[in-house]
Amino acid sequence: MRGKAGLFRGEAGPARAQEVPDIGLRHGLAHVFTELTEAGHRAESTQLDVTDRASVEAFVSGALERHGRVDVLVNNAGIMPLGFMEELRVDEWDRMIDVNLRGVLYGIAAVLPTMGERRSGHIVNVASTAGHRVDPTGVVYCATKFAVRAVSDGLRQETTDVRVTVVSPGLTKTELTHSGGNDAQQDAVRSALDAVGIDASAIARAIGYAIAQPDDVNVNEVVVQGTAQL
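Attention in this report is confined to the structure presented alongside it. Position labels on residues start from 1 in each chain and follow its written sequence. Under the rules for a predicted model, residues below a pLDDT of 70 receive no local features and side-chain atom pairs below 80 are neither given nor counted, while totals for whole chains, interfaces and linings still include all residues. Calculation of side-chain values draws on the structure's entire complement of heavy atoms; hydrogens and water are dropped beforehand.

1. Remarks on the overall build of the protein chain
Then, number 1: A count of helices and strands for the protein chain gives seven helices and seven strands.
Then, number 2: Beginning at the N terminus, the succession of helices and strands in the protein chain can be written as β-α-β-α-β-α-β-α-β-α-β-α-α-β.
Then, number 3: For the exposure calls, accessible area comes from a 1.4 Å probe over protein chains only, and a residue counts as buried if that area is under 20% of its type's maximum, exposed if over 50%, partly exposed in between. Counting only residues that meet the buried cut, the protein chain has 50% of its 230 residues in that class.
Then, number 4: Counting only contacts in the protein chain whose residues sit at least 6 apart along the sequence, the fraction spanning at least 24 positions is 64%.
Then, number 5: By element, 50% of the accessible surface of the protein chain is carried by carbon and sulfur atoms, the whole surface being about 10600 Å². For the purposes of this entry, the term helix denotes a DSSP run of H or I that reaches at least four residues, the term strand denotes a run of E that reaches at least two, and both are numbered from the N terminus. Any two residues having at least one pair of non-hydrogen atoms within 4.5 Å are treated as being in contact. Only the protein chains shown count as cover for residues, and the accessible areas themselves come from Shrake-Rupley with a 1.4 Å probe.

2. Section: helix 4 (residues 90-118)
Then, number 1: The span expected for a helix works out to 1.5 Å for each residue beyond the first. Look at helix 4: 41 Å from first C-alpha to last across 29 residues, which is about the 42 Å you get at 1.5 Å a residue.
Then, number 2: At any given residue, the bend is defined as the angle formed between two axes, one fitted to the seven residues that end at that position and one fitted to the seven that begin there. Most pronounced at leucine 112, the bend in helix 4 amounts to some 40 degrees, and the proline proline 113 follows within four residues.
Then, number 3: Where helix 4 ends, the next residue or the one after it, arginine 119, has phi of about 55 degrees, a positive value.

3. Digging into the packing of helix 4 against helix 5 (residues 139-158)
Then, number 1: Axes, fitted as lines to C-alpha atoms, cover a helix only where it is in contact. Angles between the N-to-C directions of the axes lie from 0 to 180 degrees. Packing of helix 4 against helix 5 leaves a shortest axis separation of 8 Å and a crossing angle of 15 degrees. What the angle tells us is that helix 4 and helix 5 run roughly parallel. Helix 5 is crossed by helix 4, and the crossing has right-handed handedness. Residues Trp93, Met96, Ile97, Asn100, Leu101, Val104, Leu105, Ile108 and Leu112 of helix 4 pack against Val140, Tyr141, Thr144, Lys145, Ala147, Val148, Val151 and Leu155 of helix 5.
Then, number 2: Gly counts as polar in this scheme, as do all residues outside two lists: the nonpolar Ala, Val, Leu, Ile, Met, Phe, Trp, Tyr, Cys and Pro, and the charged Asp, Glu, Lys and Arg. Per-class residue counts for the contact of helix 4 with helix 5 are 14 nonpolar, two polar and one charged. Convention used here: angles under 35 degrees read as roughly parallel, angles over 145 as roughly antiparallel, angles from 65 to 115 as roughly perpendicular, and any remaining angle as oblique. Each crossing gets its handedness from the near helix: less than a right angle anticlockwise from the far helix is left-handed, clockwise is right-handed.

4. Details of the pairing of strand 6 (residues 163-169)
Then, number 1: Counting buried positions along strand 6 gives seven out of seven residues, so the element sits mostly inside the fold.
Then, number 2: The alternating pattern of strand 6 places Arg163, Thr165, Val167 and Pro169 on one face and Val164, Val166 and Ser168 on the opposite face, and all of these are buried.
Then, number 3: A pair of strands is considered paired only if DSSP assigns at least 2 bridges between the two. Looking at chain direction, strand 5 (residues 122-126) and strand 6 are connected through five bridges and run parallel. Bridging across to strand 6, histidine 122 finds its partner in arginine 163.
Then, number 4: Summarising the sheet, strand 6 and strand 7 (residues 221-224) pair through four bridges and their orientation is parallel. Across the sheet, the residue bridging to proline 169 is valine 224, located in strand 7.

5. Re the pairing of strand 5
Then, number 1: Counting buried positions along strand 5 gives five out of five residues, so the element sits mostly inside the fold.
Then, number 2: The alternating pattern of strand 5 places His122, Val124 and Val126 and Ile123 and Asn125 on opposite faces, both of which are buried.
Then, number 3: Handedness of a crossover is defined as follows: orient the strands so they point away from the viewer, and if the path from the first strand over the helix to the second runs clockwise, the crossover is right-handed. For the crossover that starts at strand 5, traverses helix 5 and ends in the parallel strand 6, the hand is right-handed.

6. Some details on the pattern of salt bridges
Then, number 1: Salt bridges are defined by distance alone: a side-chain nitrogen of Lys or Arg within 4 Å of a carboxyl oxygen of Asp or Glu. Following the criterion strictly, the structure yields 11 salt bridges and no others.
Then, number 2: The salt bridge involving arginine 118 is made with aspartate 71; its shortest N-O contact spans 3.3 Å. Taken together, the residues span a long stretch of sequence, with arginine 118 in helix 4 and aspartate 71 in the loop between helix 3 (53-67) and strand 4 (72-75) at a distance of 47 residues.
Then, number 3: For arginine 118, a relative accessible area of 35% gives the class partly exposed.
Then, number 4: When its relative accessible area of 8% is taken as the criterion, aspartate 71 is described as buried.
Then, number 5: Taking the shortest distance from any N to any O, the salt bridge between glutamate 221 and arginine 149 comes out at 3.1 Å.

7. Brief notes about the environment of valine 104
Then, number 1: With respect to the element layout, valine 104 can be found in helix 4.
Then, number 2: Each C-alpha atom of the pair valine 104 and asparagine 125 lies 7.3 Å from the other, and the pair is 21 residues apart in sequence.

8. Focus on the environment of proline 136
Then, number 1: Inspection of the secondary structure assignment puts proline 136 in the loop between strand 5 and helix 5.
Then, number 2: In this structure the C-alpha to C-alpha distance between proline 136 and methionine 85, which are 51 residues apart in sequence, comes to 8.6 Å.

9. Quick notes on the side chain of serine 152
Then, number 1: Mapped onto the fold, serine 152 is located in helix 5.
Then, number 2: Residue serine 152 is classed as buried on the basis of its relative accessible area of 1%.
Then, number 3: Residues within four places of serine 152 in sequence aside, it is in contact with Asn125, Val164 and Val166.

The following block contains the structure:
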């Protein structure tokens, strides 16, 4: 990845960010930015709202102005407020659609023109194993992740210039379970994370693997989960 300019949008632990870039990762987390710079990486940090198209466009435009190109976009922002459909947590449904799906679309729209013009680039969308099945209490979350996989595969088929990869993590130790939802269900997921969850560095390595492939090789999808997870 050396010599590439990458944009990383969304929550991530320091381990995930450290694995992906040794090249100048631009993302929106100040604490990860500090970890990277202290480790000797080139990095910049800025805040953005992935649900605000203008904010996302400004984020990408700023990177282009400062660095001339965007080689890699990692769409990683996501929330997972769990709850049964009958609870009618409609505001949370809307928020999941805005962050998990609309945010991905805004990111793609912001970088696709410049990548297309250069006939080069790589978009990595982080979905979930929840995009491969539907679980009770996670219906809307699963729907957004199914959609991310559909968008990614469709985009991959539409272009031969831009690589598109989906990374689908299983239970991973991140802040994802602290985004609202039914308290009992969120507690149950946290217990499962303690039992079988994997470190975010495993997801980072999967992203890094996909990005590191030659330009004529596209890693369509990587599913990563703990050995103990069913």
